[in-house]
Amino acid sequence: MALRVVEESGEIVELKNPAMISGDGGFTLSTTAGAGEIFLRYLPTIFPDVDPSLYLVFLLSRPSFSENDIFTVFSKTEDKRIGFVFPLQTMRSVEHKFAGDRSFLRFSQAAFMQLCHGIEECYRKVPTVAGNAELDIFDFYSEESIVLILYKPALAEPEFDINAYLPCLFKYGYFLQSKGVDPSTCVEVLDESYRELSSRLSIRPISEAFIKATFVSHAMQKTLPYENNPLLVFFYQYQLIELLIGQILDASFQEFKEQLATDASIASSIRDTVKTLNENLNEKVRIKRLFNRHIGVNPEISALRLKCNEFLNANGVVLKKELAAQSFADYLYETRNVLFHNLRNVAPESLQIVSQINGLFRPVLCDMLVSYVPKPAADIAESQSPEVGVAAAYS
């Protein structure tokens, strides 16, 4: 959708098909609609040969960032550079750490030019002008905006779907902007994963099993970024666990049907197959199976385990297993039970711990959604601890 301005008469005019004329420190957007000329300030170097049609641009946001939070974006699956992610405010500065990087400056200019044409799926503003006017890019877009720009020829997918990459972005506190929703209203989050980033951000798509799961994009774009109630945040995040183990249940039914056909008339084999299905109807068992069989690379969850135990202890629940022997299902499922079934008795002061649990839970969920394997090649032994620390797997 083209940028729009309000004239003195009150009429809203679209800046359709602007002719971008580079000038001293910016671009002039001239139209054939008789709305005058709009000059947009752009301080970095302007290259005459940049073709913005070769790039994809998305506007993200996150609760807090600095001008120097500029990262090279790599494709995790192919290990090659595909773009950059950076605050929109860097376009008004020549003092950030990439100010002399020719490659970055070309990406930055391409993003700015696309912004001038109008990015549709984001929060937009409509300024009021009188005739010819000099405006700022933030007259049209939120100051909380972060640009994700990708070079089309470097992408493996002919049709790139940003929704498939939301978990990888959300892990670091980035979320895709929505129409009509001011990103400045998003809530603060625990930033451990974000602080671990150095110079690059590696992204890979969500597991193919969830590519059509609209709840994932809804939760990570429109719900969780703006939800401040720790109980609701936990509820929404646990729904993603329900989504994961729902796949486990579907797989169990499929295995049951296949095994039943194989067992034929052997009564003992049929009883064993039915027993296995009954076990997998148990939510806790499916969470264990999720980690033991279906997560390709297990996320780092030791900090989450400690916080869940702290919350449980604060509410008089002591797990029978020693800390080192606890599985993800033991402490997460028990935390879920306390909050879902015994909330009326939860110690009010322990709700602060729930907020910390949510912050630690978020990157774990994102890694699980990405590394989920619908049909594992082989089982991981139950005796083997699933809690292998690989925090750097997606950083």
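Please refer to the structure higher up on the page.
Attention here is on the structure that accompanies the text. (Residues numbered from 1 in each chain as written. Predicted model: local features only at pLDDT ≥ 70, side-chain atom pairs only at ≥ 80, totals over all residues. Heavy atoms only, no water.)

### Thoughts on the overall build of the chain
Then comes step 1: Broken down by element type, the chain carries 10 helices and 12 strands.
Then comes step 2: Contacts in the chain between residues far apart in sequence, at least 24 positions, make up 74% of those at least 6 positions apart.
Then comes step 3: A total of about 18,200 Å² of accessible surface is found on the chain, and carbon and sulfur atoms cover 50% of it. (Helix = DSSP H or I, 4+ residues; strand = E, 2+ residues; numbered from the N terminus. Contact = heavy atoms within 4.5 Å. Areas by Shrake-Rupley, 256 points an atom, 1.4 Å probe, with all protein chains shown as cover.)

### Examining the nonpolar core
Then comes step 1: Ranked by size, the top nonpolar core spans 73 residues in total, and within it Tyr-174, Ile-241, Leu-304 and Phe-328 carry the most contacts.
Then comes step 2: It is helix H10 (residues 351–371) that provides the largest number of residues to this core, a total of 11 residues.
Then comes step 3: In this structure, Ile-70, Leu-88, Val-129 and Ile-149 belong to the second largest nonpolar core, which totals 41 residues. (Core = buried A, V, L, I, M, F, W, Y, C linked by side-chain atoms within 4.5 Å. Buried < 20%, exposed > 50% of the residue type's maximum accessible area, 1.4 Å probe, protein only.)

### Side note on the environment of Gln-177
Then comes step 1: Of note, Gln-177 is situated in the loop between strand S11 (175–176) and helix H3 (192–195).
Then comes step 2: As a C-alpha pair, Gln-177 and Glu-144 span 33 residues in sequence and 9.9 Å in three-dimensional space.
Then comes step 3: In this structure, Gln-177 is in contact with Leu-59, Leu-60, Ser-61, Glu-121, Cys-122, Tyr-123, Ser-145, Pro-183 and Gln-221, ignoring residues within four places of it in sequence.
Then comes step 4: Looking at Gln-177, its side chain comes within polar contact range of the main-chain oxygen of Leu-60, at 3.0 Å. (Polar contact = N/O pair within 3.5 Å; in protein donor to acceptor, adjacent residues only side chain to side chain.)

### A look at the pattern of salt bridges
Then comes step 1: Applying the stated criterion across every chain, the model contains 13 salt bridges.
Then comes step 2: Across the pair Lys-179 and Glu-120 runs a salt bridge, and its minimum N-O distance is 3.5 Å. With Lys-179 in the loop between S11 and H3 and Glu-120 in the loop between helix H1 (102–117) and strand S9 (133–135), this residue pair connects regions lying 59 residues apart in the sequence.
Then comes step 3: Classification of Lys-179 as partly exposed rests on a relative accessible area of 45%.
Then comes step 4: The salt bridge partner of Lys-307 is Glu-310, with a shortest N-O separation of 2.9 Å. (Salt bridge = Lys/Arg side-chain N within 4 Å of Asp/Glu carboxyl O.)

### Some points on the pairing of strand S10 (residues 146–151)
Then comes step 1: By the criterion of burial, S10 is predominantly enclosed, with five of the six residues buried.
Then comes step 2: Bridging between strand S6 (residues 55–61) and S10 involves six bridges; their strand directions are antiparallel. Pairing of Phe-58 across the sheet is with Leu-148, part of S10.
Then comes step 3: Relative to S10, strand S8 (residues 80–87) is paired through five bridges, and the arrangement is antiparallel. (Pairing = 2+ DSSP bridges.)

### Some points on helix H9 (residues 328–341)
Since the α-helix turns once every 3.6 residues, residues separated by three or four places project in the same direction.
Then comes step 1: With 14 residues, H9 should reach 20 Å at 1.5 Å per residue; the first-to-last C-alpha distance of 19 Å fits that figure.
Then comes step 2: The element H9 is largely enclosed, with a buried count of 11 among its 14 residues.
Then comes step 3: Turning to H9, its buried residues number three or more, namely Phe-328, Ala-329, Asp-330, Tyr-331, Leu-332, Tyr-333, Thr-335, Arg-336, Asn-337, Val-338 and Leu-339. (Expected span 1.5 Å × (residues − 1).)

### Some remarks on the sheet that holds S9
Then comes step 1: The mixed open sheet is built from four strands, whose spatial order is S3-S4-S5-S9. Of all the strands in the sheet, just strand S3 (19–23) and S9 have a single pairing partner and so form its edges. Between one strand axis and the next, the sheet turns through 30 degrees on average, direction left out of account.
Then comes step 2: Here strand S4 (residues 26–30) runs beside strand S5 (residues 37–41); their pairing, made up of five bridges, is antiparallel. If you follow Phe-27 over to S5, its bridge partner there is Leu-40.
Then comes step 3: The sheet strands contacting H1 are S3, S4 and S5, and the helix crosses S4 at an angle near 25 degrees. (Axes fitted to C-alpha atoms, helices over the stretch in contact; angles between N-to-C directions.)

### A short note on the packing of aromatic side chains
Centre distance and the angle of the planes are the two values used to describe a pair of aromatic rings.
Then comes step 1: Applying the stated criterion to the full structure yields 25 aromatic pairs.
Then comes step 2: Here the aromatic rings of Phe-328 and Tyr-331 are separated by 5.9 Å at their centres, their planes lie at 85 degrees, and the arrangement is edge-to-face. Placement of both Phe-328 and Tyr-331 in helix H9 is noted, with a separation of three residues, approximately one turn of the helix. Tyr-331 matches Phe-328 in its accessibility class, with the two residues each being buried.
Then comes step 3: Cluster of aromatic residues (ring-pair linked, three or more members): Tyr-55, Phe-84, Phe-86, Phe-98, Phe-104, Phe-107 and Tyr-151.
Then comes step 4: One residue, Arg-62, lies across the ring of Tyr-194, its end atom 3.5 Å from the ring centre.
Then comes step 5: Cation over ring: Arg-362 sits above Phe-170, and NZ or CZ is 5.8 Å from the ring centre. (Phe/Tyr/Trp six-rings, centres within 6.5 Å; stacked < 30°, edge-to-face > 60°. Lys NZ or Arg CZ within 6 Å of the ring centre and 35° of its normal.)

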